[in-house]
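# Summary of the model geometry
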Amino acid sequence: MIQTKKQPASPKDAHQVYFISKKRTSLPAAFKAVQGLIDDAIAKEKREILVPYIDGAKHFVVVYAKSKSDEEANILEDIRILGANLCRVANAAGVKNLVLNTPTSILDKDESLCFLEGLELANYEFYKYKKGNKPSHALQGVFINDKNIKEQSLDELNHLLDAVRFTKDIVN
């Protein structure tokens, strides 16, 4: 289970997640080495996760290129899938904590919450009867730097996710 909290309480070992779209293509200067990959993904309207190593640290760049032909329901589901993909990549890299930097110009409140939903649901695992009885996923904390998301919305999402996890536990 992931702990989801608003910033500024992120631990020092937290890895940064940056959202990039047609509206915001600039990153910190250290990312210039991967700017070509980012520009290419945006031009092709891709939705993918890039993992550049900068100064010996892993950073995650979520390329979110929304096309005009996308329907709202498809956009939200694609964002959930992006969140799930980030979870898979972060767990494979052994990342324990993430800081989501989501500018309001890229994701609105519902899109940010859908991204978190996909991230957290993908991190679910049933380990009660596994040998060792411990979770194998590394990801433990997500810290949010997003002005759109209020504490109440985050609490509602956490209640929903708790209910989903409980239901999955019962089924298993």
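Scroll up to find the structure this text is about.
Quick summary incoming for the structure in this document. (Residues numbered from 1 in each chain as written. Predicted model: local features only at pLDDT ≥ 70, side-chain atom pairs only at ≥ 80, totals over all residues. Heavy atoms only, no water.)

## As for the pattern of salt bridges
Test applied: Put simply, a salt bridge is a Lys or Arg side-chain nitrogen that is within 4 Å of an Asp or Glu carboxyl oxygen. The helix count covers DSSP runs of H or I at least four residues long, the strand count covers runs of E at least two residues long, and both are numbered beginning at the N terminus. Burial classes follow relative accessibility: with a 1.4 Å probe on protein chains only, a residue under 20% of its type's maximum area counts as buried, one over 50% as exposed, and anything between as partly exposed.
Applying the stated criterion to the full structure yields 4 salt bridges. Residues Arg80 and Glu77 are paired through a salt bridge, measuring 3.3 Å at the closest nitrogen-oxygen approach. You can see Arg80 and its partner Glu77 sitting in helix α2 (residues 72–92), 3 residues apart, about one turn around the helix. The exposure class of Arg80 is partly exposed, given its relative accessible area of 24%. Here Glu77 falls in the partly exposed class, since its relative accessible area comes to 38%.

## Observations regarding helix α3 (residues 109–122)
Since there are 3.6 residues in each turn of an α-helix, residues three or four apart along the chain are aligned in direction. Cut-off, in case you're wondering: Expected helix span is taken as 1.5 Å per residue step, with the number of steps being one fewer than the number of residues. Throughout this description, a polar contact denotes any pair of N or O atoms lying within 3.5 Å of each other; where both atoms belong to protein, one of them has to be capable of donating a hydrogen while the other can accept it, and for residues adjacent in sequence the pair is counted only when both atoms sit in side chains.
Between its first and last C-alpha, α3 extends 20 Å over 14 residues, near the 20 Å set by a 1.5 Å rise per residue. Of all 14 residues in α3, 10 are buried, a share of seventy percent or more. Within α3, the full set of buried residues consists of Glu111, Ser112, Leu113, Cys114, Phe115, Leu116, Glu117, Gly118, Leu119 and Glu120. Measuring from the side-chain oxygen of the N-cap residue of α3 to the backbone nitrogen of Asp110 gives 3.2 Å; that N-cap residue is Asp108.

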